[in-house]
Amino acid sequence: MKWRRQKTESTRHTAKTFEIPGLGHVEEFGGEYVSEPIPVPALGTEVEIFVEGYDEDERPQDFHAAIEAFLSLDRSVMEDGVAAVAGPGDVLELLGPEIEVTVARDSDGDREVCVSVIGNNRDWEHPDGVQISFRQGREPDRRR
């Protein structure tokens, strides 16, 4: 699992802009695209969303569908089958205050587009943080 820094103010002036349905205008950032902070109902906060592999993908509509599905989820999805916790707030607490969302095609298996939510909670004992993947942006991936 990798952890990226948020884009810096200096990259905003030189980045190539582009539009991805569901995210609006995005900027090229380190070989991928990143949105402005947008509301993510499942997380109850606004975050930048990173998109990897979009330009070279043969089916960009799969990215659009995954983004739309993920952004339509509410906070209850953070409880349903994600972890053995009392409620969605517990999962969000486990993720911590630094949350990163990435949309990318799975590199193995069925090659579905997944939305990964990565938390870097420094108070948690696992040094790599917490990751929850949503296959096609719809439901938590229980295979991992």
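What you see is a predicted model; the values in this text were computed from it and never measured.

Caption draft 1: Spotlight on the overall build of the protein chain. Of regular secondary structure, the protein chain possesses three helices and ten strands. Of the regular secondary structure in the protein chain, the N- to C-terminal order runs α-β-β-β-β-β-β-α-α-β-β-β-β. In the protein chain, which comprises 144 residues, the proportion classed as buried is 44%. The long-range fraction of contacts in the protein chain, counting pairs at least 24 apart against all pairs at least 6 apart in sequence, stands at 48%.

Caption draft 2: Seen up close, the packing of aromatic side chains. All told, the structure shown has six aromatic pairs when counted by the stated rule. Summarising the aromatic geometry, the rings of Phe18 and Tyr33 are spaced 5.2 Å apart at their centres and angled 20° between planes, so their arrangement reads as stacked. Placement of Phe18 in strand E1 (residues 17-20) and of Tyr33 in strand E3 (residues 32-35) is noted, with a sequence separation of 15 residues between them. Looking at Phe18, the relative accessible area reads 31%, which means it is partly exposed. On the numbers, 6.4 Å between centres and 90° between planes, the contact of Tyr33 with Tyr54 is edge-to-face. Linking Tyr33 in strand E3 with Tyr54 in the loop between strand E6 (49-51) and helix H2 (60-71), this pair joins segments that are 21 residues apart in sequence. Neither Tyr33 nor Tyr54 differs from the other in exposure class; each is buried. The structure contains a cluster of three or more aromatic residues connected by ring pairs, namely Phe18, Tyr33, Tyr54 and Phe63.

Caption draft 3: Expanded view of H2. The first and last C-alpha atoms of H2 sit 17 Å apart over twelve residues, in line with the 16 Å expected at 1.5 Å per residue. The secondary structure elements touched by the buried residues of H2 are E1, strand E4 (38-40), E6, strand E7 (99-105), strand E8 (113-119) and strand E9 (130-135).

Caption draft 4: Structural detail: the environment of Ile49. Looking at the secondary structure, you find Ile49 in strand E6. Accessibility expressed as a relative area gives 3% for Ile49, which makes it buried. Measuring from C-alpha to C-alpha, the distance between Ile49 and Val115 comes to 9.4 Å, with 66 residues separating the pair along the chain.

Caption draft 5: Up close: the environment of Glu46. Mapping Glu46 onto the fold places it in strand E5 (residues 45-47). Sequence-wise, Glu46 and Ile99 are 53 residues apart; in three dimensions their C-alpha atoms are separated by 9.5 Å. When neighbours within four sequence positions are excluded, Glu46 is seen to be in contact with Pro37, Ile38 and Pro39.

Caption draft 6: Examining the pairing of strand E2 (residues 24-29) more closely. By the bridge criterion, four bridges tie E1 to E2 in an arrangement that is antiparallel. The partner of Ile20 across the bridge, within E2, is Gly24. As consecutive antiparallel partners, E1 and E2 are separated by three residues, and within that stretch Gly22 has a phi angle of approximately 95°, a positive value. Remark: two residues form the turn of the hairpin made by E2 and E3, two consecutive strands paired antiparallel; Gly30 in that turn has positive phi of roughly 60°.

Caption draft 7: Main features of the confidence of the model for the protein chain. When pLDDT is averaged along the protein chain, the result is 78; 70% of the residues meet or exceed 70. Taken element by element, the protein chain is modelled with least confidence in helix H1 (residues 9-12), mean pLDDT 50, and with most confidence in H2, mean pLDDT 96.

Reading the values: the criteria
Residues numbered from 1 in each chain as written. Predicted model: local features only at pLDDT ≥ 70, side-chain atom pairs only at ≥ 80, totals over all residues. Heavy atoms only, no water. Helix = DSSP H or I, 4+ residues; strand = E, 2+ residues; numbered from the N terminus. Buried < 20%, exposed > 50% of the residue type's maximum accessible area, 1.4 Å probe, protein only. Contact = heavy atoms within 4.5 Å. Phe/Tyr/Trp six-rings, centres within 6.5 Å; stacked < 30°, edge-to-face > 60°. Expected span 1.5 Å × (residues − 1). Pairing = 2+ DSSP bridges. pLDDT = per-residue confidence, 0-100.

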